Amino acid sequence: MQRPVKLDCRGVWKVYGPNPAEFMQAYDGAPSDSDLTHAGMIGAVRDANVQIRDGEIFVIMGLSGSGKSTLVRCLSRLIDATAGQINFEDNDLLAMSEKELIDLRRTKMGMVFQQFALLPHLTVLQNTAFPLDVQGVDRKTREVRAREMVELVGLQGREDYFPRQLSGGQQQRVGIARSLVTEPDLWFLDEPFSALDPLIRREMQDEFLRLQALLHKTIVFITHDFDEAIRLADRIAVMKDGRIVQTATPEELILNPADEYVEEFTRHIPRAKVMRLISVMTKGVPEGDYAGDLDGDLSVETAVDQIEAADKPFRVLDEAGKPVGTINAQTVIDVLIGRRLT
Amino acid sequence: MRVVRYITQPTRMFWLGLLLITWVLSSYSFSLYKALGARWIIKFPKKWEMPLADTISEAMKWLVEDASFGLFTFREFTRFISSIIEWPYQVVRSSLIEGFSTGQGQQAVEIAPALSWIAIIVVLVALARYAKDWRLASLVGLCFLYLAVFGQWESAMITLASILIAVPLGVAGGLTLGILSYRSALVERLLRPILDLMQTVPVFAYLVPILFLFGFGPVSALVATMIYAMPPMVRVSTVALQTVPAEVIEAGTMAGCTQHQMLWKVLIPTTMPTLMVGVNQVIMLSLNMVIIASMIGAGGLGYDVLTSLRRLDIGGGVEAGMAIVVMAIALDRLSQAFAKKTQDDLPKSGLSFVRRHPWLMTVGMIVVGLWLVGLLVPSLQSYPEGATLTTSTFWTETMKWINVNFFDIFEAIKTFFLTYLMIPIKRFFVGIPWVWGIIAISLAAWRVGGWKLGLMAGFMALFIASNGLWGKAMITVYLCGVSVLIASVIGIPLGVWAGQNERVNTVVGAFIDTLQTLPSFVYLIPVIMLFRVGDFSAMIAVVLYALAPAVRYAAHGIREVPSQMIEAGKVSGCTSWQMLWRIKLPMATPSLLLGLNQTIMLALSMLVITALVGTRDLGQEVYIALTKANTGRGVIAGLSVAFIAIIADRIISAMAQASRERLGLK
Ligand SMILES: Nc1ncnc2c1ncn2[C@@H]1O[C@H](COP(=O)(O)OP(=O)(O)OP(=O)(O)O)[C@@H](O)[C@H]1O
Ligand SMILES: [Mg+2]
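Residues numbered from 1 in each chain as written. Chains lettered and ligands numbered in written order. Predicted model: local features only at pLDDT ≥ 70, side-chain atom pairs only at ≥ 80, totals over all residues. Heavy atoms only, no water.

Some words on the domain arrangement of chain B
All names here are of chain B. Cut-off, in case you're wondering: Reported domain spans reflect what an automatic or database domain assignment gives. We call two residues in contact whenever any of their non-hydrogen atoms come within 4.5 Å of each other. As a working definition, buried area equals the accessible area (1.4 Å probe) given up by two parts on being put together, with both sides summed. The rule for a salt bridge is simple: a side-chain nitrogen of Lys or Arg has to be within 4 Å of a carboxyl oxygen of Asp or Glu. Side-chain atoms alone can form a polar contact between residues adjacent in sequence; in general such a contact is a pair of N or O atoms within 3.5 Å, and within protein one must be able to donate a hydrogen while the other accepts it.
In terms of domain boundaries, chain B breaks down into domain 1 (113-241 + 271-385) and domain 2 (422-663). Using only C-alpha atoms to locate each centre, domain 1 and domain 2 end up separated by 29 Å. Each side of the interface is counted separately: domain 1 has 36 residues, and domain 2 has 32 residues. Roughly 2800 Å² of surface becomes buried between domain 1 and domain 2 when both sides are summed, with 82% attributable to carbon and sulfur atoms. Remark: the boundary between domain 1 and domain 2 carries zero salt bridges. Counting across the interface, domain 1 meets domain 2 through zero residue pairs in polar contact (both at pLDDT 80 or more).

Structure (structure tokens):
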């Protein structure tokens, strides 16, 4: 039942320095980290593999300088990867001509930027309509479209404002409206909320989820904030020093961190929110007395009051409604205090 | 003892030694020549002189008369450029002054008259209102009204016509080069040294070749103006484009911009405010060239000033000079307002074109209306001559009065400076035997910037000497030296003061801004009137012109001293005097040196003026070449000035660099 892969990226490298292509060849396309250091090259992205599926929110997460922006720019071909293979809907992205690329970007891709990247001389409406403008859509049509988008992001009444007259959050709403105006299939967001203060950031995340519930785009979302990643992601790829160290659902990351680096991130995460009953339950349903049945997809947080209040364990049901395990107050407490689960 | 120790430090030993030897040789070179009968000591032997001037003249002649690029000859090429410039210039000129007509001379039939003077003022006022507010509008209106009332209208319009051509062409050229060097690292690498050179080469280095290529007339003047005004535009646009945030460009790419769309829809609009600063610079530099350009055929106000200066017609000179100033102020403020303009009024989408542009419509109607009415009522067409005022006699009388009553004072000041400062310095420089001069310059350059710089300086000095221009070059160095010295003595303390005191800063800043808005030659008018022609007048004019950077950089340097340093000084118990001498000034040294550098460059670029007041330096050499249309001589003299500028620039830049490194600044 897995959805088809929309963007497939295999063995992608981006190496900065003199003659990167030659350098890659000298090491058979797989230099080690120490090879890079010795040659004085910067391996911004190293052997990255990601498959982004249709309609999912794929978050790329990592500390500053870990190569997230570089990777996403390789995926959108804003920069050319040094090595590797990227397929977009089964077309070789790296083999496309400039003209094909322009066409692709005009119809299939949208991108939101960390510093908003609005054009200072255009109004909200004109900024939003900009991608249509460069396509040569006539003014009436594009303004109608842009107005819809402005409304969608909640900026109606400010169509004629200039970017400098807007707050950061409002500016990013314009950035979002602009990236959506062409109805792209693939939507890139490079740390879209990092320049905003925490309250606004949460508000924008909610807004983002609301939009996605409406639009069902395929999304590549970059962040360095693990909380944000957890909140938004269907799947997360964690990057470190240019390499992807783990790709998994938020829950799997917490349950089975690939290494200490990932674990460090997950340590301060409110687990009860992320974990579903089905992943923390005790497997097997022995005969006995139960307080009731709970859906396995529920998060621990939502079920915690019920479980705690009952003096008997609950049965946990899988997707088909079949009981597959049990859960009691003790397990829930373990999850809540972050005791290592095995 | 302390003195001895102070002196015997190797660096100081070197410089003191160099100075001492130079001084001794300079003082006794003449006696030496007499005693040995060796004239070559003080004068570069005639028979060794390079026939370079003649060669260049020949080459230029060949270029113009015979050179061919296969498809077209060089002459066709220059004619082509001429026509590109000449045609729009004639159109603008006709619409501002002469009107359009067909036919030649007597048979000329007027098709359409020029724009009415009222219409021109209305347009400018409307522009000012559009760019900023009514205050600016009234300033601009008054400035141009002044030109009409005081009888300067026609000359002013000739000048305006050349500005209206030189500025757009200069801006377009500068922008194009800026875009090219933004796009290609190779172009940037090629352009950078050329731009550096252009900034150090004084204008008249290329006046004569331009005159030769394009002939005496407005085209030559426009070409020279453009070459002079373009470099800052190239720089500004390259830097502006380079500082467009990467994300904005990426946003453009992701929107699917083609390269062309990227340039016109993303890059240029985002950099517009900075580009407008460049435009303002082009305007100011073009105005700066007004008088110099009139030496090779620009008419208008510059020509009026020039002829008045030549005739020593005080009143006429002041009037035309004031007109230039007035125009410069109006155009400067206007273009600055455009640079700062932010469209805060919300665009009214949906309205028809006419309703959306009420200003444009009103102004258009006024212009057309006046034009029609002007056909019937001549005083609306051109300002009635009977109603002009003239201040010419007033100025002449005032000057006479000042000269009668204060002659002794001015004479005393002049004599004092000449006897105690200028003549001794002149003797020193002129006395230096050329052989030693070349050696000394090479040594100094080597000491400061390494053997490459030493070698370069040596060759440049040798070039000057071997073209028989050593003596004139030394007079040039002396005049600039004295002027720079005095400008620094006045300017640096003023800058230091302004750097420490906000209130002083506003006053001094305003004063300096005004000085910089004034076209260079304007200073000359009152100075000549008070002190008459001669080295002293030249010196004062140069000082006034070159003062600004000394003040600016000093103030800047003081202000930029890190506040931690100052706090550290305070904590260590420095008095404010110690603070200045021990902390602020040493920290500001790089900035002071850059100011010195700029002061020297400006002083050298004023040199052609000194020729007008009868000095016998390289400026005069260029001037002679100009009047005789002797290309070779002009080029050589221009190159010599350029070489002096380059040597000074490189030596001082190297010193600034060294002091920056010493202070641990980047
Ligand atoms: N044009 C470039 N030339 C050289 N090195 C580069 C270039 N662009 C990026 N890098 C290097 O690649 C590495 C990854 O950079 P990248 O911008 O992708 O990080 P990031 O994860 O997006 O960080 P941040 O969260 O700060 O945006 C960094 O070490 C950076 O210095
Ligand atoms: Mg980034």
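Notes on helix α6 (residues 134-149) of chain B
Residues and elements named next belong to chain B. We apply this condition: Secondary structure is summarised from DSSP: a helix means a run of H or I of at least four residues, a strand means a run of E of at least two, and numbering begins at the N terminus for each. By this rule the span expected of a helix is its residue count minus one, scaled by 1.5 Å.
With 16 residues, α6 should reach 22 Å at 1.5 Å per residue; the first-to-last C-alpha distance of 21 Å fits that figure. On the buried face of α6, the contacting elements are α5 (117-131), α7 (153-183) and α15 (314-340). Two residues or fewer after α6 comes G151, characterised by a positive phi angle close to 70 degrees.

Describing the site of ligand 1
Residue and element names in this part refer to chain A. Stated formally: Any residue with a non-hydrogen atom lying within 4 Å of a molecule or strand is treated as near it.
If you check the shell around ligand 1, you find Y16, I42, A44, L63, S64, G65, S66, G67, K68, S69, T70 and E191 and nothing else. S66 places a main-chain nitrogen or oxygen 3.2 Å from an oxygen atom of ligand 1. One of the side-chain nitrogen or oxygen atoms of E191 is found 2.8 Å away from an oxygen atom of ligand 1. Taken together, the elements giving at least two residues each to the shell around ligand 1 come down to β2 (42-53) and α3 (68-75). Per-element tally for the shell around ligand 1: the top contributor is α3, with three residues.

Considering the packing of α6 of chain B against α7 of chain B
Residues and elements named next belong to chain B. Put simply, the test is: Geometry is summarised by axes, namely lines fitted to C-alpha atoms with helices restricted to the contacting stretch, and by angles between N-to-C directions that run from 0 to 180 degrees. Note on terminology: angles under 35 degrees are roughly parallel, angles over 145 are roughly antiparallel, angles of 65 to 115 are roughly perpendicular, and the others are oblique. Here the nonpolar group is Ala, Val, Leu, Ile, Met, Phe, Trp, Tyr, Cys and Pro; Asp, Glu, Lys and Arg are the charged ones; every other residue, Gly included, is treated as polar.
Taken N-terminus to C-terminus, the directions of α6 and α7 make an angle of 130 degrees; their axes are 7 Å apart at the nearest point. Here α6 is positioned oblique relative to α7, judged by the angle of their axes. Along the contact surface, α6 presents F144, L147 and A148, while α7 presents W153, A156, M157 and L160. In terms of residue class, the contact of α6 with α7 is made up of seven nonpolar, no polar and no charged.

Looking at the interface of chain A and chain B
Taken together, the contacts link 29 residues of chain A with 23 residues of chain B. At the boundary of chain A with chain B, the tally comes to two salt bridges. Here D133 of chain A makes a salt bridge to K265 of chain B, at a shortest N to O gap of 2.9 Å. Counting across the interface, chain A meets chain B through seven residue pairs in polar contact (both at pLDDT 80 or more).

Structural notes on the pattern of salt bridges
On inspection of all chains with the given rule, the structure shows 35 salt bridges over all chains. For the salt bridge of R139 of chain A with E143 of chain A, the shortest nitrogen-to-oxygen distance reads 3.6 Å. Within this pair, R139 of chain A and its partner E143 of chain A are both found in helix α6 (residues 139-152), separated by four residues, close to a single helical turn. When the shortest N-O distance is used, the salt bridge between E621 of chain B and R633 of chain B registers 2.7 Å.

A look at the packing of aromatic side chains
Residues and elements named next belong to chain B. Note the following rule: Side-chain rings of Phe, Tyr and Trp (the six-membered ring for Trp) are treated as a pair once their centres are within 6.5 Å; stacked means planes under 30 degrees apart, edge-to-face means over 60, and tilted covers the remaining angles. Think of it in three bands: with a 1.4 Å probe and only protein chains considered, a residue is buried below 20% of the maximum accessible area for its type, exposed above 50%, and partly exposed in between.
Counted according to the given criterion, the structure contains 20 aromatic pairs over all chains. Seen from their ring centres, Y130 and F338 are 6.1 Å apart, and the 45 degrees between their planes marks the pair as tilted. Taken as a pair, Y130 in helix α5 and F338 in helix α15 lie far apart in primary sequence, 208 residues in all. With a relative accessible area of 25%, F338 lands in the partly exposed category. Ring centres of F410 and F531 lie 5.3 Å apart, and the angle between their planes is 85 degrees; this geometry places the pair in the edge-to-face category. Taken together, the residues F410 in helix α19 (residues 392-431) and F531 in helix α23 (residues 524-531) connect sequence positions 121 residues apart. By relative accessible area, which is 18% here, F410 ends up buried. Each member of the aromatic cluster is reached from another via a ring pair, and the members are F410, F416, F417, Y420, F531 and F536.

Overview of the sheet that holds strand β14 (residues 323-327) of chain A
All names here are of chain A. In plain terms, the rule: Any two strands with at least two DSSP-identified bridges between them are counted as paired.
Strands sit in the order β11-β14-β13-β12 across an open sheet of four strands; the sheet is mixed. Each having just a single partner strand, β11 (282-283) and β12 (293-295) make up the two edges of the open sheet. Two strands pair when backbone bridges link them, and β12 and strand β13 (residues 314-317) are joined in this way by three bridges, in the parallel orientation. Bridge pairing in β13 links D293 to R315. Here helix α14 (residues 300-309) sits on the sheet and contacts β12, β13 and β14; the angle it forms with β12, its principal contact strand, is near 170 degrees.

Some remarks on the domain arrangement of chain A
Reports often express the size of an interface as the amount of accessible area lost when the parts come together. All names here are of chain A. Examined at the domain level, chain A breaks down into domain 1 (5-108 + 185-269), domain 2 (120-183) and domain 3 (272-337). Centre-to-centre separation of domain 1 and domain 2, based on C-alpha positions: 27 Å. Each side of the interface is counted separately: domain 1 has 16 residues, and domain 2 has 13 residues. For the pairing of domain 1 and domain 2, the buried interface totals around 1300 Å² over both sides, and the portion due to carbon and sulfur atoms is 60%. Among the residues domain 1 hides against domain 2, the three largest losses belong to R106, W187 and M204. Together they make up 39% of the total. A salt bridge links E207 to R173; the nearest nitrogen and oxygen atoms lie 3.5 Å apart. Inspection of the domain 1/domain 2 interface yields seven residue pairs in polar contact (both at pLDDT 80 or more). No other element matches helix α8 (residues 198-215), which puts eight residues into the side of domain 1 that touches domain 2. Along the lines of polarity and charge, the residues of the side of domain 1 that touches domain 2 split into nine nonpolar, one polar and six charged.

Some thoughts on the side chain of D8 of chain A
Residue and element names in this part refer to chain A. When you line up the elements, D8 lands in strand β1 (residues 5-16). Engagement of the side chain of D8 in a polar contact is seen with the side chain of R10, the distance being 3.2 Å. Those residues in contact with D8, other than ones at most four positions away along the chain, are V50, Q51, Q85, I86 and N87.

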